[in-house]
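Structural overview for review
So the chains spell out like this:
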Amino acid sequence: MKFHWFAEASYPTLPADFREKKISSWVDTPRHMADPATVGEMCRMFIRLMQQADRDGFDGLAVNEHHQTPFAVTPSPNLLAATLANTTEKAAILIIGDSLALYNPPTRVAEEMAWIDCLSQGRVIAGFVFGTPMDSVFAYGIPPVDLRDRFEEARQLILKSWAEPEPFAFNGRFTKLRYVNLWPRPLQKKFPIWVPGSGSVETWDLTIDNDYCYGHLSFSGLHAAKPMVDAYWEYVAQRGGDPNPHRMAFTQLCCVANTDAEAEAKYAEAVKYFYRNRYTNPAYEAPPGYRSQKSVQSIMGHRAVTESLVSAEDRAKAASGELDFWDYDRLGYIIAGSPARVTQRMREVCTDLRIGQLIACLHMGNLSEETGEMNTRLFATDVIPHLRDLWADQEDRWTPQGLAEIEARAAAKRDAA
Amino acid sequence: MTPFETRPLGAGHVRLWIGGTGPTLLYLHGFDRHPGDAPFLTRLAQTHTVLAPEHPGYGETTPAHPLHDITDQTLHYRRAIEAWATGPVDIIGHSLGGMFAAEFAALCPHLTRRLVLVDTYGLWNDTTPLPDPFTLPPAALKSAQYANPANAPATPSTPGDLAAATRYLWPIPDRGLSRRLGFIRAPTLVLHGTQDGLVPPSYGQALAAAIPGARFVPIASAGHYPMIEAETTFLHEVSSFLA
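Calculation rules
Residues numbered from 1 in each chain as written. Chains lettered and ligands numbered in written order. Predicted model: local features only at pLDDT ≥ 70, side-chain atom pairs only at ≥ 80, totals over all residues. Heavy atoms only, no water. Helix = DSSP H or I, 4+ residues; strand = E, 2+ residues; numbered from the N terminus. Buried < 20%, exposed > 50% of the residue type's maximum accessible area, 1.4 Å probe, protein only. Areas by Shrake-Rupley, 256 points an atom, 1.4 Å probe, with all protein chains shown as cover. Lys, Arg positive; Asp, Glu negative; His and termini not counted. Charge placed at Lys NZ, Arg CZ, Asp CG, Glu CD. Core = buried A, V, L, I, M, F, W, Y, C linked by side-chain atoms within 4.5 Å. Contact = heavy atoms within 4.5 Å. Axes fitted to C-alpha atoms, helices over the stretch in contact; angles between N-to-C directions. Parallel < 35°, antiparallel > 145°, perpendicular 65-115°, else oblique. Left-handed = near helix turned anticlockwise from the far one by under 90°. Nonpolar A, V, L, I, M, F, W, Y, C, P; charged D, E, K, R; others polar. Pairing = 2+ DSSP bridges. Buried area = accessible area lost by both parts, 1.4 Å probe. Salt bridge = Lys/Arg side-chain N within 4 Å of Asp/Glu carboxyl O. Polar contact = N/O pair within 3.5 Å; in protein donor to acceptor, adjacent residues only side chain to side chain. pLDDT = per-residue confidence, 0-100. Expected span 1.5 Å × (residues − 1). Arc of directions from axis to C-beta. Phe/Tyr/Trp six-rings, centres within 6.5 Å; stacked < 30°, edge-to-face > 60°. Lys NZ or Arg CZ within 6 Å of the ring centre and 35° of its normal.

**A few points about the overall build of chain A**
A tally of regular secondary structure across chain A gives 15 helices and 11 strands. With respect to the three principal axes, the spread of C-alpha positions in chain A is 60 × 60 × 50 Å. Classification of the 417 residues of chain A by burial places 58% in the buried group. With the model as given, the accessible surface of chain A reaches about 17200 Å², and the carbon-plus-sulfur share is 52%. Across chain A, the centroid of the 44 positively charged side chains sits 3 Å from that of the 54 negatively charged ones.

Set out below in C-alpha cells:
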C-alpha cells in the first residue's frame, strides 16, 4: 500500500457570500477575487507542506492541473513538480496529471516530464488526464468532440518520443513534427503511468489495455465512489485485466487530530469551505460531446445507486457546506478523528474498494498551515505505519522502481553529514 | 407515409426529408436538431424537389468520409449533390447549415445555382461577440432563439446533435469562412430575423456585404428561426428569389 500527499490548492479567502451568490467557481469566476499576494503565500505554503510530507515518509507528492478556478490554483502541475523535484529527496513526484490535449505540441509534456525525471533522479510518475470539461473545453477551448482524439494522438506521440532512440517524424492529425528528438530522455527506462477518470468506460479500457494505474479522483464521498469503483473492478475482471490493487488510486479527504473533538475543532470550517465554494455553473460541467452516450448511461447507473444510499437533502447539504462535520465523516466525504479512528476507517475503505494507492488530501479549503502540518505529521507517523501491511503481498509496478535506492542514498548522505 | 428516407453516401448513411417535384432545392438545417416534418418544408416542396438531409453526427446520419474540418464537411455535401442531383441546385442554409451552404457555394460554384443564407453562423466580430449557445440556461436560450419563446418546438435537440455542432461552433464559430465569401458566384439572398439573439442581424449584414452582389433582407417578428416564426414572409422572400 502506498500513500501520496495531495491537496487541491484552493484559494483560501473567497468572500463569505461566494456560494450564496451562486458564483461559478470555474471558468468565469471574477478575477478581482484573486489577490496575487495571497496566491503567492498559499503556493509557498503548499510547497512547504509537501516538503514536510517528503521528510515525514510519504511515498509520493501529487500535483494536478486545473485552469481558471479558485478550487485549485495549479495551472501548470509541471512547475510545481519541478519545484518539488529540486527541494525534496525521496518521494515520488506524482504528476496526476498533464492534460494531454492542451499542450501544443504535446512533446512539451514529454520534455518536461523527462526533465523533471532527470532533476528528481527518477522519481516521476507520469499522469495523463483528459481534464474536466471546465478546464479542457471551456478554459482551453478544445471542441468536446475532438478531446479524446487529441488526447490519444498526444499520448502516442509522447510514448514514442520517450521510447525511440533515433529522431523520427510524426504526422498526426493535430500535430505534425518533422523532427522529434527528445532532449533530455527520462532517467527511468519506463515511466509508471497513471490515468485518472470520472467513470468514462473508454478511460477504463485505456488503463486496462495499457496496464496503467486508474485514479478515481473525486470528492463526492464513499457512496458516490463505491458503485463506480466496484463497477471498475468488475469491468477489469470482465476484460481479463490485472486485479492488483496497486493499479487503483483513490482520493480521500483526511482530517487527523489527537482526538476526535480536536478534529472537529480544527477542520470543520475548512471542510465546509472546501465543499461550499465548489459550485460550478452546471452548463460548464456537461457540454455536449464531452462524454459518449455509453459512458453517460454507465455513470447515470452508478449515480442511481448513490442516490439510493444518500438522501437528496444530505447530498445538497454536503455540496453547499451545510452538513454537520461528523455527517461528512459518516457519509464518507471525509475520514476524520484520532489516528486510531482514521486508521480503522481507512483500512475499511481501502480494503472494500481495493485501493493500493491512496491519495490522501491533507489540506483542504482554507485550513491553516499549522493544522496542515499536524495532519501531515500524524498521518505519516500514526496512520501510515499501521496500514503498510495492506496488499503487501502484491507487487507495485505503478510507482518508480528506483525509489528504495534513492531513499537509501539519501539516508547515507544524511548519515555522512 | 413518412417523407424521411435513409440513403447510403460514401461510407455513411444520410437520413433526409424528401418532398415535391421540380428543380432540386437542398435545405441545410441549423445547429440544433433537424426541423423534422415542418410545414415550411412541405410548402417549399410545392415548387421544388426538396432534399433536407440531417447533417453527419445528427440523428441517424453518419458521415460519408472522416470529418476533421469544414473542408471535409463541405465535400460531404459535394458527394451528396453529385449523387442525388444533376447539375447545380438551389441551396438554403440556416444557422450552422448556412455556414455549410456558404462554404459549399464558395468551393463548388459549379454545383450551386442560387443561394439563400438564413441567420448564418460563420463570422466573428470582436465588437459584437456572439453568446455561447451551449451554455445559455434553457429559458435564456429560448429567448435568444425566438422572438416569441412560445414558438419553440416541443422536441429539443439531443446531446448527440449538439456534440456534432461543436465541431464547427466551438469555442468560436469561425472556421475561416470570411476568407472565402468573396469566391461565391451564385446569386445570394441573405435573410435574417431582426430579433435573433444568437446571431444578431449585424452578422447577416456583414455576410451580405462580403458576398459579391448579395442582398440583405431583414425579417421582422422573427428570431433565429424565421422559417418557423415568420413562415409566410420567409417563403415569400425565398420563392420570389428562386423563381
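**Quick notes on the nonpolar core**
Nonpolar side chains in soluble globular proteins tend to end up buried together. If you look at the biggest cluster of nonpolar residues, it comprises 218 residues, and the most contacted ones within it are W5(A), F128(A), W162(A), Y267(A), F379(A) and F234(B). The element that contributes the greatest number of residues to this core is helix α7 (residues 222-238) of chain A, accounting for 9 residues. In this view, W162(A) contacts A110(A), M113(A), A114(A), A126(A), F128(A), L182(A), P186(A), F191(A) and I193(A); residues no more than four positions away in its chain are not counted.

**Observations concerning the packing of helix α3 (residues 107-119) of chain A against helix α5 (residues 147-163) of chain A**
Residue and element names in this part refer to chain A. Here α3 crosses α5 at 45°, and the two axes come no closer than 8 Å. The angle between α3 and α5 falls in the class oblique. For α3 against α5, the interelement crossing comes out right-handed. Contacts between α3 and α5 pair T107, V109, A110, M113 and A114 from the former with L157, I158, S161 and W162 from the latter. Per-class residue counts for the contact of α3 with α5 are 7 nonpolar, 2 polar and no charged.

**Quick look at the sheet that holds strand β1 (residues 4-9) of chain B**
Residues and elements named next belong to chain B. Pairing within the open sheet is mixed, and its 8 strands lie in the order β1-β2-β4-β3-β5-β6-β7-β8. Sheet topology places β1 and β8 (215-219) at the edges, where each strand pairs with a single neighbour. Strand-to-strand twist across the sheet, computed as the mean angle between neighbouring axes with direction ignored, equals 25°. Inspection of the sheet shows strand β5 (residues 89-94) paired to strand β6 (residues 112-118) by 5 bridges, in the parallel sense. Within β6, the position partnered with H94 by the bridge is V118. Docked against the sheet, helix α6 (residues 201-210) engages β6, β7 (188-193) and β8, running at close to 170° with respect to β7. Together, β3 (24-28), β5, β6, β7 and β8 form the strand contacts of helix α8 (residues 231-242), whose direction differs from that of β6 by roughly 160°.

**Side note on the interface of chain B and chain A**
Listed as interface residues are 12 residues of chain B and, on the opposing side, 14 residues of chain A. Carbon and sulfur atoms supply 67% of the area that chain B and chain A bury against each other, a total of about 1000 Å² over both sides. Here D146(A) makes a salt bridge to R167(B), at a shortest N to O gap of 3.0 Å. At the junction of chain B and chain A, the tally comes to 4 residue pairs in polar contact (both at pLDDT 80 or more).

**Let's talk about the confidence of the model for chain B**
Caution applies to low-pLDDT parts of the model: their predicted coordinates are not meant to be read in detail. Here chain B averages 96 in pLDDT, and 99% of its residues register 70 or above. Across the interfaces of the predicted complex, the ipTM metric reaches 0.91, alongside a pTM of 0.94.

**Some words on helix α15 (residues 403-416) of chain A**
All names here are of chain A. With 14 residues, α15 ought to run about 20 Å at 1.5 Å a step, and its terminal C-alpha atoms sit 20 Å apart, in line with that. Looking at α15, one finds that the buried residues are L403, I406 and A410. Down the axis of α15, the smallest arc covering the buried residues is 60°, so these residues share one side. Turned more than 90 degrees away from the buried face of α15 sit A404, E405, D415 and A416, all of them exposed. Contacts made by the buried residues of α15 are with β3 (92-99).

**Topic: the pattern of salt bridges**
Residue and element names in this part refer to chain A. Scanning the model with the defined rule gives 34 salt bridges over all chains in all. Ionic pairing is found between E369 and R48, a salt bridge with its closest N-O pair at 2.7 Å. With a gap of 321 residues between them, E369 in helix α14 (residues 369-383) and R48 in helix α1 (residues 36-56) connect regions that are remote in the sequence. For D209, the salt bridge goes to R239, with nearest N and O atoms at 2.5 Å.

**Looking at the side chain of R247(A)**
Residues and elements named next belong to chain A. Relative to the elements of secondary structure, R247 occurs in the loop between α7 and β9 (248-256). R247 gets classed as buried once you look at its relative accessible area, which sits at 1%. Look past the residues within four positions of R247 in its chain and what remains in contact with it is T207, I208, D211, Y212, C213, Y214, Y232, W233, G241, D242 and W398.

**Notes on the packing of aromatic side chains**
Geometrically, a pair of aromatic rings is defined through the distance of the ring centres and the angle of the planes. Per the stated rule, a full pass over the model turns up 27 aromatic pairs over all chains. Relative to F379(A), the ring of F58(A) lies with its centre 5.9 Å away and its plane at 15°, an arrangement referred to as stacked. In this pair, F58(A) sits in the loop between α1 and β2 (60-63) while F379(A) sits in helix α14, placing the two residues 321 residues apart along the sequence. F58(A) gets classed as buried once you look at its relative accessible area, which sits at 3%. With centroids separated by 5.6 Å and ring planes inclined at 75°, the aromatic side chains of W204(A) and Y232(A) adopt a geometry described as edge-to-face. Linking W204(A) in helix α6 (residues 201-210) with Y232(A) in helix α7, this pair joins segments that are 28 residues apart in sequence. Both residues of the pair, W204(A) and Y232(A), count as buried. Each residue in the set W26(A), F71(A), F219(A), F274(A), Y275(A), Y328(A) and Y333(A) is aromatic and connected to the rest through ring pairs, giving one cluster. The ring of W233(A) is capped by R354(A), whose NZ or CZ atom sits 5.5 Å from the centre of that ring. Here R15(B) stacks its cationic end above the ring of F4(B), 4.0 Å away from the centre of that ring.

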